[in-house]
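# Observations on the three-dimensional arrangement
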Amino acid sequence: MPGVVPTGSDTYLCMSFPVPTNRDTFIVDFIPHASMDTVHHMLLFGCQTPVSTSSYWDCGSVQGTCKDEASIMYAWARNAPPTKLPKDVGFKVGRNSGMSHFVLQIHYGDVSAFRDHHRDCSGVSLRMTTKPQPFIAGIYLLMSVDTVILPGKRVTNADVACDYTSYPIYPFAFRTHTHKLGQVVSGYRIRDGKWTLIGRQSPQLPQAFYPANRDVSVKYGDTLAARCVFTGEGRTSKTYIGGTSDDEMCNFYIMYYMDSKHAVPYMNCMEHSSEQLFDQIPAEANVPILVSPDHSNMMHMGHSTEHQDDRAALKKNKEKQDQDQDQDQGDILSLMSRLLGQSDDVVHAQLLAQIGSLMQDKDLDSPSTRLAFHTREDPVLVRDRVHRFHQLEAKAPRSHLPAEAQDSHLEQVSSWPQSSLQLGQVSGLALDSDSNLVIFHRGDHVWGANSFNSQAQYQQRSLGPIQQSTILVVDPAKGDILKASGRNMFYLPHGITTDKDNNYWVTDVALHQVLKVSGDGRDQTLLALGEEFTPGSDSRHFCQPTDVAVDPHSGNIFVSDGYCNARILKFSADGKYLSEWGAGTSDRRRRSPFRVPHSLVFLPDRQEVCVADRENGRIQCFIADTGEFVKEIKKEEFGGEVFAITYSPAGDGVIFAVNGESLFSSAPLRGFVIDYTTKEIIDTFQPEQKDFKMPHDIVQTRDGSVFVGDAGSKRVFKFTTEKFHRSVKKAGIQVQQIEAMETIVQTRLREPEKNVSRSTAVLHKQSESSPQPRVQLKTEEEEKKKKKSEAQPIRGQGVLPAVITTLLLVPLLLVISVGLFICWRKNNRCEVKSDPGSVAGILGKIRGKAVGGLNLGNFFASRQGYTRQGFDQLSTEGSDQDRMEDSSDSENEEYSALPPPKSSS
């Protein structure tokens, strides 16, 4: 600081300093110059554009620290010693880092230290190098924002936990921070239900970065959790989270390093976790670390066994918690009002930024302020009711579905993908010409409440484009990444589709553009519609466009526009504007405009375009050539929100859709299978293990599998009727027969009223053309009857197929009997010839099963027109996967993090 004198207690002053080079530079050491006698704490931020470039400014006001998003790089309090980073690790700043300025923020707590009117020059020295570092350092902050400490209450816990969804990180240091009431802060990694300590410390000791547990690494799927233990003894009023010395804070900082190719400089977590999760927290987290005045300047790691084995302290602490079960957690809305509404309080600027980030996480993909909805109910209560209803619905039987839908019910493939895809918010899905899955995601960018201003102008351009590969081509069978592209191109991806040449048509709501991108991995923009970062409503501009549909015959494209416009636009293949239209209706007197046309699909067999009108909770279809309204599908089961749709031309047409969470309905989040002609829901589906959070797009592959991209959980779910097919495999039917059964399923989806007749026809046809499955079915059924008296029937076949099978077997048995009788009369003994062409030869092969086993693969391979396919590995349920070859695409190396220099778990 340039010799400042704070004028009052709890003053926040900031100064900025440009990075002294335009090259990429790496910070390797932080050396503080401050005393806790005058400075409460210091924070060092990195950002692109500071609020001011003057010598210093008051940053405790709404003015804050940076105009763009700020990343915490260093924190100091209570006479903490210097922090030295491990070898080959550095914080990246400079040219390509998105950080061209440092901002130092100092909190002066008690102004009485300046009674002598001395000027303060506290600060921090940085040691930097231009030598590229193989590992990049970052900060992960776990922070409570809604804890309320009741006066006189002896124990209050603040619990924070989040699922980790990025590339692997390796913690090497940690720091705790509270104010006067904090007794102990502990941080953990949770993997497979096991809690592993990252670090534990008393916040009343020097708040330095202390060495973390060296045996801990964090990867995708882990959970990071922290607990702060407070006491309200001595207080006469409630204590809230805030920026003054009379308020409290609960912060657990993790300083980590990660592979430079995937570096993320700053991440945070502010989710109040469930009590059930923290019931399993190790007992040490509940034991306060006692600090005596003699040890106020000592570094104490909190790992000593004397605390872990102090059973008396554990028992005493538990009794305190039992006495205070009625803890008031407070209301996040009241907390924000308090922080932002009282001008007398100097609000901590970083706290404001974190609360803004929290609201971003809670309001993913929200419409612009012009489309905001108001509710008289507490949204938290509504969300809780939705969750409870969803749990009850998941357990309820699906007896309301017709039988034909039950036969083909979609169920989650929980083993997909077989390895983590490391996704950001998943915004779009598509299929390429090879029926591979194409995923469009947002990497480390998040659409939140502060992403746009009231004019829909993007406010975080300084972050630069997403550095990760945003377009992933994935094997739909295993989930292996086949190709990755889309680096440094997009800011907030949304919709994606492909054309017949495998080019990608994408929308970016931050750019307000529709882009045609080459699908060969070169990331070449072939066509751009709309003006970059410029929203508009004419034929040359979009306002947060959401999706694209392509006519495979003419090449015409259709754009849904969007969050702040309410229209569908039509362009030629070369980008020439042709026409546009709004919402349709069969009653012109009651026309309701689009409210976020969110997803588009082209119906090639009908030459129609259908749109998911998200906030109206409906699907509308139009003639592609003219824009003439055709029909509307609106169901109470949608719950007022339809996020995405796709289409299958099977039968008379099937629409697949997913809904979204609504403040006005408690309908569960799930997928729907809808008959296009009758507009009736013929099936619903949802994950079996983790619920949908924000299902954002949906697509169906050629084999009938359905994929749902979820922006909330940052993952892709796979659903299939494969479980039904596996039960058929176990009955001994070869691959050709399984395809026939799939045909029956599709027929039932198309024409339920003709189910019996169609199924019978297919079975007759299969019996005439493929006699081998009939023999195999009989053999397997006989074995099952010997082992189990009650075999599970295949759903949907019922009595009729059994009768048909019996009738078909009668002539065969008659022929065999005649052959045996003739043989006996001729030779006076029952001898069966081994002529492979005779019926007796067939019987001999069947009889041979008792000696050497029946090999149907060899048997049918000897028949003209048949192959061994489907028999060799029939006994193993996962044989299909065993036969598939692993992808060896070199671009997969992008997703393999460099191993850490130290051993990790």
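Whatever comes next refers back to the structure up there.
Residues numbered from 1 in each chain as written. Predicted model: local features only at pLDDT ≥ 70, side-chain atom pairs only at ≥ 80, totals over all residues. Heavy atoms only, no water.

We now examine the overall build of the chain. Helix and strand content of the chain: 15 helices and 44 strands. When burial is assessed residue by residue, the chain has 52% of its 905 residues classed as buried. Within the chain, residue pairs in contact and separated by at least 24 positions form 68% of the contacts whose partners lie at least 6 positions apart. Accessible surface, the chain as shown: approximately 41000 Å² in total, 49% of it carbon and sulfur. (Helix = DSSP H or I, 4+ residues; strand = E, 2+ residues; numbered from the N terminus. Buried < 20%, exposed > 50% of the residue type's maximum accessible area, 1.4 Å probe, protein only. Contact = heavy atoms within 4.5 Å. Areas by Shrake-Rupley, 256 points an atom, 1.4 Å probe, with all protein chains shown as cover.)

Before going further, it helps to spend a moment on the state of the cysteines. By definition, a disulfide links the sulfur atoms of two cysteine residues through a covalent bond. Applying the stated criterion across every chain, the model contains 6 disulfides. A disulfide bridge connects Cys162 with Cys269, and the sulfur atoms are separated by 2.1 Å. The chirality of the disulfide connecting Cys162 with Cys269 is right-handed, given an S-S dihedral of about 85 degrees. Placement of the pair is Cys162 in strand S12 (residues 156–163) and Cys269 in strand S20 (residues 266–269), with a sequence separation of 107 residues. Comparing Cys162 with Cys269, the two get one shared label, buried. Disulfide pairing is shown between Cys610 and Cys621; the S-S distance is 2.0 Å. Handedness here is read from the sign of the S-S torsion; for Cys610 and Cys621, about 105 degrees, the answer is right-handed. You can see Cys610 sitting in strand S35 (residues 608–613) and its partner Cys621 sitting in strand S36 (residues 618–623), a full 11 residues away along the chain. Of the two residues, Cys610 and Cys621, both sit in the buried class. Look at the chain and number its bonded cysteines as they come in the sequence; the links are 1-3, 2-4, 5-8, 6-7, 9-10, 11-12. (Disulfide = S-S within 2.5 Å.)

Now for the pattern of salt bridges. As enumerated under the stated definition, the model contains 13 salt bridges in all. Its salt-bridge partner being Arg227, residue Asp159 comes within 2.7 Å of it at the nearest N-O pair. With Asp159 in strand S12 and Arg227 in strand S17 (residues 223–230), the pair connects residues that are 68 residues apart, well separated along the chain. Just as Asp159 is buried, Arg227 falls in that class too. (Salt bridge = Lys/Arg side-chain N within 4 Å of Asp/Glu carboxyl O.)

Here the focus is the environment of Leu44. Position of Leu44 among the secondary structure elements: in strand S3 (residues 41–47). Along the sequence, Leu44 and Ser71 sit 27 residues apart, while their C-alpha atoms lie 8.5 Å from each other. Contacts of Leu44, omitting those with residues within four sequence positions, involve Phe30, Ser71, Ile72, Met73, Tyr74, Phe102, Val103, Leu104 and Leu126.

It is worth spelling out the packing of aromatic side chains at this point. Pairs of aromatic rings are described using the distance from one ring centre to the other and the angle between the two planes. A complete count under the given rule lists 34 aromatic pairs for this structure. Measuring from centroid to centroid gives 4.8 Å for Phe30 and Tyr74, while their planes differ by 5 degrees, and the two rings are stacked. Taken together, the residues span a long stretch of sequence, with Phe30 in strand S2 (residues 25–33) and Tyr74 in strand S5 (residues 71–77) at a distance of 44 residues. Looking at Phe30, the relative accessible area reads 0%, which means it is buried. Among the aromatic residues, those joined into a cluster by ring pairs are Trp447, Phe452, Tyr458, Tyr491, Phe533 and Tyr563. The ring of Phe533 carries the charged tip of Arg461 above its face, separated from the ring centre by 4.0 Å. Over the ring of Tyr676 we find Lys631; its NZ or CZ atom is 3.8 Å from the centre of that ring. (Phe/Tyr/Trp six-rings, centres within 6.5 Å; stacked < 30°, edge-to-face > 60°. Lys NZ or Arg CZ within 6 Å of the ring centre and 35° of its normal.)

An order of S30-S31-S32-S33 is seen for the 4 strands of this open sheet, with the pairing classed as antiparallel. Whereas interior strands pair on both sides, the edge strands pair on one side only; in this sheet they are strand S30 (545–550) and strand S33 (577–581). Neighbour-to-neighbour, the strand axes of this sheet turn through a mean angle of 20 degrees, independent of strand direction. Sheet topology places S30 next to strand S31 (residues 557–561); 5 bridges connect them, and they run antiparallel. (Pairing = 2+ DSSP bridges. Axes fitted to C-alpha atoms, helices over the stretch in contact; angles between N-to-C directions.)

Turning next to the sheet that holds strand S41 (residues 681–685). Pairing is antiparallel in the open sheet, where 4 strands are placed in the order S38-S39-S40-S41. Each edge of the open sheet is held by one strand with a lone partner, namely strand S38 (642–648) and S41. The mean inter-strand angle of the sheet, taken between neighbouring strand axes irrespective of direction, is 20 degrees. Strand direction decides the pairing type here: S38 and strand S39 (residues 654–659), joined by 6 bridges, are antiparallel. Across the sheet, Thr646 pairs through a bridge with Phe656, a residue of S39.

Within strand S10 (residues 135–144), 10 of the 10 residues are buried, leaving the element largely enclosed by the surrounding structure. Neither face of S10 is open: one carries Phe135, Ala137, Ile139, Leu141 and Met143, the other Ile136, Gly138, Tyr140, Leu142 and Ser144, and all of them are buried. As defined by bridge partners, strand S7 (residues 89–93) adjoins S10 across 2 bridges and the pair is classed as parallel. Looking at the pairing, Val89 lines up with Phe135 of S10.

The amide bond that connects Trp416 to the next residue, Pro417, takes the cis arrangement and shows omega of -10 degrees. By secondary structure assignment, the location of Pro417 is in the loop between strand S21 (411–412) and strand S22 (426–431). Note that the residue after Asp561, namely Gly562, is joined by a cis bond; omega there is 0 degrees. For Gly562, the position within the fold is in the loop between S31 and strand S32 (567–571).

Once that is clear, we can look at a nonpolar patch on the surface. Judged by side-chain polarity, Leu814, Val818, Phe821 and Ile822 come together as a nonpolar surface patch covering roughly 400 Å² of accessible area. As for its position among the elements, Ile822 is in helix H12 (residues 799–827). (Patch = residues over 30% accessible without salt bridge, like charges linked within 9 Å, V, L, I, M, F, W, Y side chains within 5 Å.)

A few words now on the nonpolar core. Judged by nonpolar contacts, the single largest core of 86 residues is most densely connected at Phe91, Tyr140 and Leu142. Apart from residues lying up to four places away in sequence, Tyr140 is in contact with Cys162, Tyr164, Leu224, Phe252, Tyr253, Ile254, Tyr256, Met267, Asn268 and Cys269. Core analysis: the second largest hydrophobic core is formed by 24 residues, Ala430, Leu482, Leu511 and Phe533 among them. (Core = buried A, V, L, I, M, F, W, Y, C linked by side-chain atoms within 4.5 Å.)

What follows is about the environment of Val642. For Val642, the location among the structural elements is in strand S38. Apart from residues lying up to four places away in sequence, Val642 is in contact with Ala612, Asp613, Arg614, Gly617, Arg618, Ile619, Ala657, Val658 and Asn659.

On to the side chain of Asp675. Tracing the chain through its elements places Asp675 in strand S40 (residues 671–675). Buried and unpaired, Asp675 has Lys631 as its nearest opposite-charge partner, separated by 6.9 Å. There is a polar contact of 3.0 Å between the side chain of Asp675 and the backbone nitrogen of Thr678. (Lys, Arg positive; Asp, Glu negative; His and termini not counted. Polar contact = N/O pair within 3.5 Å; in protein donor to acceptor, adjacent residues only side chain to side chain.)

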